[in-house]
Amino acid sequence: MSFEQVLNKKAFINGEWVDAKSGNTFAVTNPATGDIVANIADCNADDAQSAVAAAKAAFRPWANKTAKERCQIMRNWFDIVMTHDEELAALLSTEQGKPFAEALGEIRYGAAYIEWFAEEARRTYGDIVPSHKADARILVMKQPVGVVAAITPWNFPNAMIARKAAPALAAGCPIVIKPAEDTPLSALALAQMAKEAGVPDGVINIVPTSTAQVVGDVLTTHNDVAKVSFTGSTDVGRIIMRNGAQTIKKLSLELGGNAPFIVFDDADIDRAVEGAVASKYRNSGQTCVCANRLYVQAGIYDEFVTKFSEKVAELKVGGAFDHDVVLGPLINKKAVAKVEELVGDALEKGASATIGGRGSDKGELFYEPTILRDVSRDARVLREEIFGPVAPVIKFDDEADAIALANDSEFGLAGYFFSNDLGRVWRVAEAIECGIVGVNEGVTSAVEAPFGGIKQSGLGREGSRYGLDDYLELKYVLMGGL
Ligand code: ADP
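Comments concerning helix H3 (residues 85-96)
An α-helix turns once every 3.6 residues. As a result, residues three or four positions apart point the same way.
Moving on, step 1. The terminal C-alpha atoms of H3 lie 16 Å apart, and with 12 residues this matches the ideal 16 Å at 1.5 Å per residue to within 8%.
Moving on, step 2. Among the 12 residues in H3, 11 count as buried, and that is most of the element.
Moving on, step 3. Every buried residue of H3 is listed here: Asp 85, Glu 87, Leu 88, Ala 89, Ala 90, Leu 91, Leu 92, Ser 93, Thr 94, Glu 95 and Gln 96.
Moving on, step 4. Its buried side turned inward, H3 meets strand S3 (25-29), strand S4 (36-41), helix H2 (67-83), helix H4 (100-120) and helix H6 (185-197).
Moving on, step 5. In the stretch just after H3, Gly 97 is the one whose phi turns positive, near 105°.

Now the structure itself:
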């Protein structure tokens, strides 16, 4: 599948394709082969300044369009993305490594946010509130926050951008996007399609860079940026929050997770195994909602581990365009080193690998799907986000034990549990400290549902009818003397 049609190498600022002011470029490589895919404009602080200026100039005209006009343009954008879904997926697989079928799923999932928020644009209703004075009326209106800066990760190079740009545009906000250095190409392709769809100049700007901090500092401290929407690690989230403090930025932060996945002994074990495979090995384990720690009740522990290992043995590792491949490479050497370190620590502390536990012969960045049993409760793999195809399985005794283990984390993004006991389902769903809970389901993401975490997993929600609120301000107007 060719992607030449959607491959762009320049930055996108004020509706134009431009070189970085420095003239510098950086290489984007294919993680499956190590080959250079393209050399891309390497933006610095000056380019970021230009992008913010363009967005600022575009703000009023875009916000002043009717909701229906914005909706129509976004609808065009959605249609164009869907028309080119296969080229976009091929580009995504090439820069990121995920299997083509999974990349195609991501493109359609990302597009669904554009479609959803195009529709939601027309429903930003305000309120008329019963007044405290007979001769006055209280109005509450919703207005766009202003220029938005988005900083996005490499694990979903398309969808994480769509999920931010779509609500921003729907609300009437222009956006400046700094994509991850490993995967800027999907972002640029989305901009190409936005331009074709009629998104006005300056409403979407993309500043790829190899120096995240330099561009990030401009975007997170600039007076003319009202809001920063970030998806990435909790550590960088803290930097962004600190940077934003000076100008009291509005923040949406989708940070790390450490998802517990609990299987109670009354669960449908085959369904739990299926859920575990889907939750753990999607994107080779590189999602912030991937099951990170599997807790299985003592009575069914051995049966679960055996069935889970059998299923995982069927998962094929390989290049994105190879037939039937389910697991692609990890994103870079650092990611592989982290996985090796965590697995090494668990094995040293007494765990054993029922399957995998080592790199794959497919290439330097490939890692075998792995299951670790009898993992000690002090293993690092239970505390840290693995971001790789490794499933530590731990035994627990009773419901209270499971809830305590699940909640013993500073993170609170996704959590999953499997049970067929109605009372238990209610109890655990309420007790688990996560923003997203899958009950008898291993994959929860949907544009209709609010995505986001509690505790140190973040602030705000993306998608759903709540997702637009993060890009809107409430304005109270008291109309007196009536
Ligand atoms: P990961 O560990 O998944 O790569 P990061 O949090 O490092 O997650 O990266 C997420 C995004 O944050 C990327 O776009 C990256 O370039 C960006 N980033 C990294 N460091 C900074 C920083 N100091 N300021 C702003 N953005 C940053």
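Concerning the state of the cysteines
Moving on, step 1. All chains considered together, the criterion is met by 0 disulfides.
Moving on, step 2. Sulfur of Cys 173: no disulfide; nearest cysteine sulfur belongs to Cys 71 and is 16 Å away.
Moving on, step 3. On the basis of relative accessibility, which here comes to 0%, the residue Cys 173 falls in the buried class.
Moving on, step 4. Cys 434 carries a free sulfur, and the closest cysteine sulfur to it, the one in Cys 288, is 12 Å from it.

What to know about the pattern of salt bridges
Moving on, step 1. Scanning all chains against the criterion turns up 27 salt bridges.
Moving on, step 2. Across the pair Glu 462 and Arg 163 runs a salt bridge whose closest N-O atoms are separated by 2.9 Å. A residue pair is termed long-range when its members are at least 10 positions apart, and Glu 462 in the loop between strand S23 (458-459) and strand S24 (472-479) and Arg 163 in helix H5 (residues 159-171) qualify at 299 residues. Of the two residues, Glu 462 and Arg 163, neither departs from the other in class, the shared state being buried.

A few points about the sheet that holds S24
Moving on, step 1. Spatial ordering of the open sheet is given by S5-S6-S24, a layout of 3 strands whose pairing is antiparallel. The strands lining the two open edges of the sheet, one partner per strand, are strand S5 (127-129) and S24. Geometrically, the sheet is characterised by an average inter-axis angle of 25° between neighbouring strands, direction not taken into account.
Moving on, step 2. In terms of strand pairing, strand S6 (residues 137-144) meets S24 through 8 bridges, oriented antiparallel. In the strand pairing of S24, Arg 137 is matched with Met 479.

Details of the sheet that holds strand S17 (residues 370-373)
Moving on, step 1. Taken in spatial order, the 7 strands make up an open sheet running S16-S17-S18-S13-S12-S20-S21, and their pairing is mixed. Every interior strand has two partners, whereas the edge strands, strand S16 (352-355) and strand S21 (436-439), have only one. Pairs of neighbouring strands in the sheet enclose a mean axial angle of 25°, with direction left out of account.
Moving on, step 2. One ladder, built from 3 bridges, connects strand S12 (residues 259-263) with strand S20 (residues 414-418); its direction is parallel. Following the sheet pairing, Phe 261 is matched in S20 by Tyr 416.
Moving on, step 3. Across the face of the sheet, helix H10 (residues 301-313) comes into contact with S12, strand S13 (291-297), S16, S17 and strand S18 (390-396) while running at roughly 170° to S18.

Re the nonpolar core
Moving on, step 1. Among the nonpolar cores identified, the biggest contains 69 residues, and Trp 77, Val 81, Leu 169, Ile 175 and Ile 204 are the most heavily contacted of them.
Moving on, step 2. Broken down by element, this core gets its largest block of residues, 11 residues, from H4.
Moving on, step 3. In this structure Leu 169 touches Trp 62, Arg 70, Met 74, Trp 77, Ile 175, Val 199, Val 203 and Ile 204, once residues within four positions along its chain are discounted.

Things to note about the side chain of His 222
Moving on, step 1. Mapping His 222 onto the fold places it in the loop between helix H7 (212-221) and strand S10 (227-231).
Moving on, step 2. The class of His 222 is buried, set by a relative accessible area of 14%.
Moving on, step 3. Engagement of the side chain of His 222 in a polar contact is seen with the backbone nitrogen of Asp 224, the distance being 3.0 Å.
Moving on, step 4. Beyond its immediate stretch of four places on either side in the chain, His 222 contacts Gln 49, Val 52 and Lys 249.

Section: the packing of aromatic side chains
Moving on, step 1. If you walk through the whole model with that rule in mind, you get 10 aromatic pairs.
Moving on, step 2. Ring plane angle 85° and centroid distance 5.7 Å describe the contact between Trp 154 and Phe 387, whose orientation is recorded as edge-to-face. With a gap of 233 residues between them, Trp 154 in the loop between strand S7 (148-151) and H5 and Phe 387 in the loop between S17 and S18 connect regions that are remote in the sequence. Across this residue pair, the class does not change: Trp 154 and Phe 387 are buried.
Moving on, step 3. Seen in terms of ring centroids, Phe 264 and Phe 417 are 6.3 Å apart; in terms of plane orientation they differ by 85°. Their pairing is edge-to-face. With Phe 264 in the loop between S12 and helix H9 (269-281) and Phe 417 in strand S20, this pair connects stretches of sequence that are 153 residues apart. In terms of burial, Phe 264 and Phe 417 fall into one category: buried.
Moving on, step 4. Put simply, the rings of Phe 261, Tyr 416 and Phe 418 touch in pairs and so form one group of aromatic residues.

About the thresholds
- Residues numbered from 1 in each chain as written.
- Predicted model: local features only at pLDDT ≥ 70, side-chain atom pairs only at ≥ 80, totals over all residues.
- Heavy atoms only, no water.
- Helix = DSSP H or I, 4+ residues; strand = E, 2+ residues; numbered from the N terminus.
- Expected span 1.5 Å × (residues − 1).
- Buried < 20%, exposed > 50% of the residue type's maximum accessible area, 1.4 Å probe, protein only.
- Contact = heavy atoms within 4.5 Å.
- Disulfide = S-S within 2.5 Å.
- Salt bridge = Lys/Arg side-chain N within 4 Å of Asp/Glu carboxyl O.
- Pairing = 2+ DSSP bridges.
- Axes fitted to C-alpha atoms, helices over the stretch in contact; angles between N-to-C directions.
- Core = buried A, V, L, I, M, F, W, Y, C linked by side-chain atoms within 4.5 Å.
- Polar contact = N/O pair within 3.5 Å; in protein donor to acceptor, adjacent residues only side chain to side chain.
- Phe/Tyr/Trp six-rings, centres within 6.5 Å; stacked < 30°, edge-to-face > 60°.

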